[in-house]
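Descriptive analysis of the structure
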There are 2 protein chains.
Amino acid sequence: MTTACVREVGLRDGLQLAASRLDTDTKLDWIRQQAAAGFREIEITSFVPPSLLPQFSDAAEVVAGANAVADLTSVSLVLNVKGADRAIAAGARHITYVVSASEAHSQSNVRCSTQEALDRFPIVMALARDAGVFAGAAISTAFGCSLQGAVPDQQVLSLVSSLSEYGAGEITLADTVGFASPRDVTRLFRGAAERTERPLGAHFHDTRGLGLANVVAALDTGVRHFDASLGGLGGCPFAPGASGNIATEDCVYLLESLGVHTGVSIDAMIALRQQLAVWLPDEALTGKLALAGPARTFSTASVA
Amino acid sequence: MTTACVREVGLRDGLQLAASRLDTDTKLDWIRQQAAAGFREIEITSFVPPSLLPQFSDAAEVVAGANAVADLTSVSLVLNVKGADRAIAAGARHITYVVSASEAHSQSNVRCSTQEALDRFPIVMALARDAGVFAGAAISTAFGCSLQGAVPDQQVLSLVSSLSEYGAGEITLADTVGFASPRDVTRLFRGAAERTERPLGAHFHDTRGLGLANVVAALDTGVRHFDASLGGLGGCPFAPGASGNIATEDCVYLLESLGVHTGVSIDAMIALRQQLAVWLPDEALTGKLALAGPARTFSTASVA
């Protein structure tokens, strides 16, 4: 039986640029309900300066609450050493360190070069190891960047090699701005798999409608970890109505329909998505499955 | 160079269930602008009783107008012998005859069994041959049916064999209700290709978000003809907000990003899609590309 893990990132990537705010109790309710629906990994927050992203000012409280949820890997994003320090001090057990493959995006996002961001990763790894914390890495703008345009494959693959050598427990290639095509996905993930034996994850946006086709392409190269955001939460602030992350419910439905077991209850997931629309009435949600429901002929991979 | 044909079906499948109406002049304007954007095939109307679908009461006028557009294959849908008669009398040069693979859908749609509908096809073929008209066939509900549920592959493949033997110039497998997964698409199109040497076409709906992933799966089996509807026009009347056909602009963008040449101008296509929103202000359009625009790194297959 083929299995895959869909990691919910709505609480981080979905909320990151949202105008709406969720209070801590609602975030923890979301996390608990999503875990109860069968999700085993949730990216719960980002340790960034609260002055920059006030929606994550409760990061420590969210970590503490999520740590009480059984059978759940709660992931905290960190962008620098200080963030890693804070996350570990808050009790985070799994952190993801982000490096931008695009120089322009790196400067804009963390005000340092890609090389400088990479050079900080061994320090983050050392902190994590000392604390018994799992540390993975994500390469953002791996498929191109709105600021810089194209990002050479060689730049991304070199990062994969370095992050792997430094001990990253998993490496995610992120299509931060929705530039990837299935052809790009096949090429870059194949190249990455040649450079590391760590598990590779895929983080796709559906900005131009190719998100789920990209999931299939990544799956075909052997990827078994997919980030997704419930209701596609997290549209692009620069293109009103445009989509951000692929919708969790559509991604799970796609995988199950391909015979890939996710462990997720479709009904519970759709119910939670409807709840999300109540929590965030001013956010535009996307995704098709919640509107139409599963096909009458659909059965989950665990049944098929 | 790999090439594929995206056949616009918005004027037929898109308008079929729409509450809004387009007058004949606007339809012809749409057809001309879409042809000018590089589309070579457009399904322009359906020869059904005007009492059933008044939006197609101008079918003969639309055929006459479309016939004046250079370098365009204008396709008319027909559901029975009388429809074929009317289409040919109106000057149609390319007709598509529809057979439902689902018995329940066949009874509901054309009030006869699948076998009876199949038995009429040789009569339609004879009429078309006598008039020098190209006749293709489409198998609707090929991937399942809301009324009946599952449709056995064998039923669909048997229809492919029969329609091919009767001389259908092309055969389209239609996922009328959006039940297909990429796995289903691979299996059924491979089976169909074993049973006929006629060109196979794919007609996918995006009801559950899998439409473009299904296009990739069909492409990988050798399919080079794809139906699509501009702006995804043609939502499901039974599920408000749910999607109908895959959006033409996203389908073209996907194919071009895979290096498959469609001959379509992305800019002209997006401009026409914005015009469509003006023509049909009360219809919900879907599709992602028109909101976000092509990726900064995108180049059409003809350039790449």
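Use the structure listed above.
Residues numbered from 1 in each chain as written. Chains lettered and ligands numbered in written order. Predicted model: local features only at pLDDT ≥ 70, side-chain atom pairs only at ≥ 80, totals over all residues.

**Considering the overall build of chain A**
Note the cut-off: Per the convention used, a helix needs a DSSP run of H or I reaching at least four residues, while a strand needs a run of E reaching at least two, with both numbered from the N terminus. As defined in this context, the radius of gyration uses C-alpha atoms, and a globule is described by 2.2 Å times the residue total to the power 0.38. Burial in this document is a count-based property: other C-beta atoms within 10 Å of a residue's C-beta are tallied, and the residue is buried at 20 or more, exposed at 12 or fewer, or partly exposed in between, with C-beta positions derived from the backbone. By the criterion used throughout, residues are in contact when their C-beta atoms, derived from the backbone, lie within 7 Å.
Each helix and strand in chain A was counted, giving 12 helices and eight strands. Against the 2.2 N^0.38 benchmark of 19 Å for 304 residues, chain A shows a C-alpha radius of gyration of 18 Å, consistent with a compact globule. C-alpha atoms of chain A, sized along the principal axes, occupy 50 × 40 × 40 Å. Taken across its 304 residues, chain A has 56% of its residues classed as buried. Across chain A, the fraction of contacts at a sequence separation of at least 24, relative to all contacts at a separation of at least 6, is 73%.

**Regarding the environment of E194(A)**
With respect to the element layout, E194(A) can be found in helix α8 (residues 182-195). Taking the C-alpha atoms as reference points, E194(A) and D227(A), separated by 33 residues in sequence, lie 22 Å from one another.

**A closer look at the interface of chain A and chain B**
Taken together, the 36 residues of chain A in the interface contact 36 residues of chain B. Broken down by secondary-structure element, the contributors of at least two residues to the side of chain A that touches chain B are α8, α9 (211-220), α10 (248-257) and α12 (289-292) of chain A.

**Points about the relation of the copies chain A and chain B**
Using the following cut-off: Superposition of the copies used a least-squares fit over C-alpha atoms from residues whose pLDDT is at least 70 in both.
The two copies are related by a screw operation: chain A maps onto chain B through 180° of rotation and 0.0 Å of translation along the axis, at an RMSD of 0.0 Å. These values place the two chain copies in the arrangement generated by a two-fold rotation axis. Rotation axis and chain A: the residue whose C-alpha lies nearest the axis is A213(A), separated from it by 2.1 Å. An overlap of 100% is found between the interface residues of chain A and their copies at the interface of chain B, pointing to a shared contact surface.

**Quick word on the packing of helix α10 (residues 248-257) of chain B against helix α11 (residues 266-279) of chain B**
All names here are of chain B. Put simply, the rule is: Structural elements are reduced to axes, namely lines fitted to C-alpha atoms, with helices fitted over the stretch in contact, and the angle between N-to-C directions of any two is expressed from 0 to 180 degrees. In these notes the angle categories are as follows: under 35 degrees is roughly parallel, over 145 is roughly antiparallel, 65 to 115 is roughly perpendicular, and the rest is oblique. Handedness of each helix crossing follows the sense of rotation of the near helix against the far helix: counterclockwise by less than a right angle gives left-handed, clockwise gives right-handed. Put simply, Ala, Val, Leu, Ile, Met, Phe, Trp, Tyr, Cys and Pro go in the nonpolar bin, Asp, Glu, Lys and Arg in the charged bin, and everything else, Gly too, in the polar bin.
Between α10 and α11, whose axes approach to 10 Å, the crossing angle comes to 165°. With respect to α11, the element α10 is oriented roughly antiparallel. You can see that α10 and α11 cross each other, and the crossing is left-handed. Judged by residue contacts, T248, E249, V252 and Y253 of α10 engage I266, M269, I270 and R273 from α11. Here the residues of the contact of α10 with α11 are counted per class, giving five nonpolar, one polar and two charged.

**A closer look at the packing of helix α4 (residues 81-89) of chain B against helix α6 (residues 114-131) of chain B**
When two helices pack together, their arrangement is given by the angle between the helix axes and the distance between those axes. Residues and elements named next belong to chain B. As a packed pair, α4 and α6 sit with axes 9 Å apart at the nearest point and diverge in direction by 10°. Overall, the two elements α4 and α6 adopt an arrangement that is roughly parallel. Of α6, the residues touching α4 (which contributes V81, A84, D85 and I88) are R120, I123, V124, L127, A128 and A131. Among the residues forming the contact of α4 with α6, the class breakdown is eight nonpolar, no polar and two charged.

**What about helix α3 (residues 59-67) of chain B?**
Applicable threshold: Relevant arc is that of directions from the helix axis to the C-beta atoms, nothing else.
The set of residues buried in α3(B) consists of A59(B), V62(B), V63(B) and A66(B). Along the long axis of α3(B), the arc covered by the buried residues comes to 100°, so they all point the same way.

**Focus on the nonpolar core**
Operational definition: A set of buried Ala, Val, Leu, Ile, Met, Phe, Trp, Tyr and Cys residues, joined to one another through C-beta atoms within 7 Å, is what we call a nonpolar core.
Counting 209 residues, the largest nonpolar core has I139(A), V215(A), C251(A), I139(B), V215(B) and C251(B) as the members making the most contacts within it. Beyond its immediate chain neighbours, meaning those up to four positions away, V215(A) contacts A202(A), F204(A), F226(A), I246(A), C251(A) and L254(A).

**Structural notes on the pairing of strand β6 (residues 171-174) of chain B**
All names here are of chain B. To keep it simple, the criterion reads: Here, strands pair whenever DSSP counts at least two bridges between them.
Residues I171 and L173 line one face of β6 and the alternating positions T172 and A174 line the opposite face, and both faces are buried. In this sheet, β6 lies alongside strand β5 (residues 134-140) in parallel orientation, the contact comprising three bridges. Looking across to β6, one finds that I139 is bridged to L173. Two strands pair when backbone bridges link them, and β6 and strand β7 (residues 200-203) are joined in this way by four bridges, in the parallel orientation.

**A few points about the pairing of strand β5 (residues 134-140) of chain A**
All names here are of chain A. Most of β5 is tucked away, with six of its seven residues classed as buried. Where strand β4 (residues 94-100) meets β5, seven bridges bridge the pair, whose relative direction is parallel. Pairing of T96 across the sheet is with G136, part of β5.

**Observations concerning unusual backbone geometry**
The backbone of R111(A) sits at a positive phi, close to 55°, despite the residue not being glycine. Among the structural elements, R111(A) can be located in the loop between α5 (103-110) and α6 (114-131). Take R111(A): there are 10 C-beta atoms within 10 Å of it, and that puts it in the exposed class. Backbone geometry places D71(B), a non-glycine residue, at a positive phi of 55°. By the secondary structure assignment, D71(B) is in the loop between α3 and β3 (73-78).

**Examining the environment of L291(B)**
All names here are of chain B. As for its placement among the helices and strands, L291 is situated in helix α12 (residues 289-292). Residue classification places L291 among the partly exposed residues on the basis of 19 C-beta atoms within 10 Å. For the pair formed by L291 and I270, sequence separation is 21 residues and the distance between their alpha carbons is 9.3 Å.

**Observations concerning α8(A)**
Residues and elements named next belong to chain A. Note the cut-off: Helices are assigned an expected span. That span is 1.5 Å times one less than the residue count.
When the terminal C-alpha atoms of α8 are compared, their 20 Å separation across 14 residues agrees well with the 20 Å that a helix rising 1.5 Å per residue should span. Burial in α8 covers these residues: P182, D184, V185, L188, F189 and A192. Projected down its long axis, α8 carries its buried residues within an arc of 145°, all on one side. The outward face of α8, more than 90 degrees from its buried face, is lined by the exposed residues R190 and E194.

**Quick look at the environment of G191(B)**
Residues and elements named next belong to chain B. Examined against the element boundaries, G191 turns out to sit in helix α8 (residues 182-195). Sequence-wise, G191 and Q115 are 76 residues apart; in three dimensions their C-alpha atoms are separated by 20 Å. Discounting residues that sit within four places of it in the chain, G191 has contacts with D153 and L157.

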